[in-house]
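# Structural characterization, general
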Amino acid sequence: MKKAIGYVRVSTTDGRQDNSVEWQEHLIKEFCHENGYDLKEVFVECGSAYKGTPRKVLKEALEYREQQDCYLIAITVDRLTRTTRDIGLFSNHIEKILIVDLGPDVLNAGIFAIFVAAAQRESEMASKRARWGFQNKKENNPDFKVGNPRIMETAYPASLKV
């Protein structure tokens, strides 16, 4: 049985994506079971893959992968990165990276780069779409405010939470 580790990433740290962590872990475990991989560990990172934040857990996972000579499995390429700036991080690992959505075949550098570029473009377009939506709302409704209009009524100070 081939050794593997999982890598899971969610973009927020506030607990809103706990389901996503569980879902990604489930898909990785299922992939391992179906394809004959012995999953040794799952690395979980909370933080954006696009905003230039340090990717400490990803670097730990890549180091572990190299030391243990195992495969690194993620559910999609964009869980690893959404920016072409990061492609160099994977250059020594590409033949040992598996993506659940792409099936059991390992990637080559060219295919990996194409998927990363597509993930980056999709992220850029999502940002543009959100900015346009807020701008459009503001133009059509000058009183429009971003955020929860009832925040002062519905929020509890952290010191009052039980």
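Residues numbered from 1 in each chain as written. Predicted model: local features only at pLDDT ≥ 70, side-chain atom pairs only at ≥ 80, totals over all residues. Heavy atoms only, no water.

### Focus: the pairing of strand 1 (residues 2–10)
Buried residues dominate strand 1, accounting for seven of its nine residues. Where strand 1 and strand 2 (residues 37–46) come together, nine bridges link them in parallel fashion. Following the sheet pairing, Gly6 is matched in strand 2 by Val42. Both strand 1 and strand 3 (residues 71–74) contribute to a ladder of three bridges, which runs parallel. Bridging across to strand 3, Gly6 finds its partner in Ile73. (Buried < 20%, exposed > 50% of the residue type's maximum accessible area, 1.4 Å probe, protein only. Helix = DSSP H or I, 4+ residues; strand = E, 2+ residues; numbered from the N terminus. Pairing = 2+ DSSP bridges.)

### Remarks on the sheet that holds strand 2
Here four strands make up an open sheet; going across it, the order is 2-1-3-4 and the pairing parallel. Lying at the two open borders of the sheet, with one neighbouring strand each, are strand 2 and strand 4 (97–99). Strand-to-strand twist of the sheet, defined as the mean angle between neighbouring strand axes without regard to direction, takes the value 25 degrees. Those strands touched by helix 2 (residues 56–68) are strand 1, strand 2 and strand 3, and its axis lies near 160 degrees from that of strand 2. (Axes fitted to C-alpha atoms, helices over the stretch in contact; angles between N-to-C directions. Contact = heavy atoms within 4.5 Å.)

### Points about helix 2
If you check helix 2, its first and last C-alpha atoms are 18 Å apart, about what 13 residues at 1.5 Å a residue would give, namely 18 Å. Where helix 2 is concerned, the buried positions are Val57, Leu58, Ala61, Leu62 and Arg65. Buried positions in helix 2, seen along its axis, are confined to an arc of 140 degrees and lie on one side of it. Summarising the geometry of helix 2, the exposed residues directed more than 90 degrees from the buried face are Lys56 and Gln67. Summarising the contacts, the buried residues of helix 2 are in contact with strand 1, strand 2, strand 3 and helix 3 (77–80). After helix 2 finishes, the residue Asp69 shows a positive phi value of roughly 50 degrees. (Expected span 1.5 Å × (residues − 1). Arc of directions from axis to C-beta.)

### Considerations on the confidence of the model for the protein
When the pLDDT values of the protein are averaged, the result is 85; 82% of them are 70 or greater. Confidence scores differ between elements of the protein, with helix 5 (residues 151–154) showing the lowest mean pLDDT of 67 and strand 3 the highest of 98. (pLDDT = per-residue confidence, 0-100.)

### Concerning the nonpolar core
Grouped together as the largest cluster of nonpolar side chains are 19 residues, with contacts concentrated most on Tyr7, Leu72, Leu80, Phe90, Ile97, Ile99 and Phe112. Among the secondary structure elements, those contributing two or more residues to this core are strand 1, helix 2, strand 3, helix 3, strand 4 and helix 4 (109–140). Looking at this core, the element that brings in the most residues is helix 2, giving four residues. What Ile99 contacts, discounting residues up to four positions off in sequence, is Ala74, Ile75, Thr76, Val77, Leu80 and Leu107. Listed in part, the 14 residues of the second largest apolar core include Ile28, Tyr71, Ile75 and Val100. (Core = buried A, V, L, I, M, F, W, Y, C linked by side-chain atoms within 4.5 Å.)

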